[in-house]
Amino acid sequence: MLLQSYRIPFDPRTKKNHQMIAGSGPRCPYCGKFKKLFVRQGKANQEYTIKAFPHLRPKPEQPIDTPVRICYRFYMATRRRVDGLNLCAAADDLLVEAGILKDDNSAIVKSHDGTRVLYDKQNPRTEIYIYQWEEDTP
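Since we're looking at a predicted model, the values are computed, not measured.

A. Spatial organisation of the overall build of the protein. In terms of helices and strands, the protein carries 2 helices and 7 strands. Along the chain direction, N to C, the helices and strands of the protein fall in the order β-β-β-α-β-α-β-β-β. By its C-alpha atoms, the protein is 65 × 35 × 30 Å across when sized along the principal axes. The buried share of the protein, reckoned over its 138 residues, is 33%. Within the protein, counting contacts between residues at least 6 apart in sequence, those at least 24 apart form 78% of the total. One finds the centroid of the 23 positive side-chain charges in the protein at a distance of 11 Å from the centroid of its 16 negative side-chain charges.

B. Spatial organisation of the state of the cysteines. Scanning the model with the defined rule gives 0 disulfides in all. We note that Cys 28 lacks a disulfide partner, and the nearest cysteine sulfur, in Cys 31, lies 3.6 Å from it. Look at Cys 31 and you get exposed, because its relative accessible area is 51%.

C. Spotlight on the pairing of strand β7 (residues 125-132). Bridge count between strand β1 (residues 2-8) and β7: 6 bridges; the pairing is antiparallel. Looking at β7, one finds that Ser 5 is bridged to Tyr 129. Inspection of the sheet shows strand β4 (residues 68-76) paired to β7 by 8 bridges, in the antiparallel sense. Paired with Val 68 across the strands is Gln 132, a residue of β7.

D. Representation of the pattern of salt bridges within the structure. Counted by the stated rule, this structure contains 4 salt bridges. Across the salt bridge formed by Arg 125 and Asp 120, the nearest N and O atoms sit 2.9 Å from each other. Judged by relative accessible area, Arg 125 falls into the buried class, the value being 10%. Several salt bridges share partner residues, and in doing so they unite Asp 11, Arg 13 and Arg 80 into one network.

E. The packing of aromatic side chains, seen in detail. Applying the stated criterion across every chain yields a total of 2 aromatic pairs. Geometrically, the ring pair formed by Phe 10 and Tyr 48 is edge-to-face, given 6.5 Å between the ring centres and 80° between the ring planes. A residue pair is termed long-range when its members are at least 10 positions apart, and Phe 10 in the loop between β1 and β2 (19-27) and Tyr 48 in helix α1 (residues 43-52) qualify at 38 residues. Seen from the ring of Tyr 131, Arg 69 lies directly overhead, with NZ or CZ sitting 4.2 Å from the centre. Over the aromatic face of Tyr 75 sits the side chain of Arg 125, whose NZ or CZ is 3.6 Å from the ring centroid.

The rules behind the values
- Residues numbered from 1 in each chain as written.
- Predicted model: local features only at pLDDT ≥ 70, side-chain atom pairs only at ≥ 80, totals over all residues.
- Heavy atoms only, no water.
- Helix = DSSP H or I, 4+ residues; strand = E, 2+ residues; numbered from the N terminus.
- Buried < 20%, exposed > 50% of the residue type's maximum accessible area, 1.4 Å probe, protein only.
- Contact = heavy atoms within 4.5 Å.
- Lys, Arg positive; Asp, Glu negative; His and termini not counted.
- Charge placed at Lys NZ, Arg CZ, Asp CG, Glu CD.
- Disulfide = S-S within 2.5 Å.
- Pairing = 2+ DSSP bridges.
- Salt bridge = Lys/Arg side-chain N within 4 Å of Asp/Glu carboxyl O.
- Phe/Tyr/Trp six-rings, centres within 6.5 Å; stacked < 30°, edge-to-face > 60°.
- Lys NZ or Arg CZ within 6 Å of the ring centre and 35° of its normal.

In structure tokens, the structure reads:
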């Protein structure tokens with residue numbers, strides 16, 4: 001049974017290919033580097049996340065915390081090679097950050113059955129279908 005569906009009308013982005021090194025704390029007096037360095041999401045992913053939030057409506061009253069199956073259709077603007085698992089991970093994190101899913105662990109997101117990476121130069125987008133989990137019967 002379909003619980004929610006969403007459509008994000010932008011070229012999909014992964015998190016792992018758009019990272020940068022950032023720092024905090026005092027700087028070294030000799031080289032100028034921050035004392036603490038860490039990896040954070042880059043500008044492209046941050047912009048995508050901000051632009052995607054308004055398209056993730058309606059939200060459920062409470063974040064979904066029951067087992068679900070998610071089906072993504074990623075329509076890319078180019079034929080470049082992309083890692084489908086990274087796209088799924090970024091989209092899962094986006095759903096959690098938007099308050100649609102309580103978490104993206106395996107107790108809630110049971111599968112990504114039917115997920116595809118496709119090409120559509122004129123209309124790049126991400127289509128998201130969240131289904132209630134139904135245990136397979138042999």
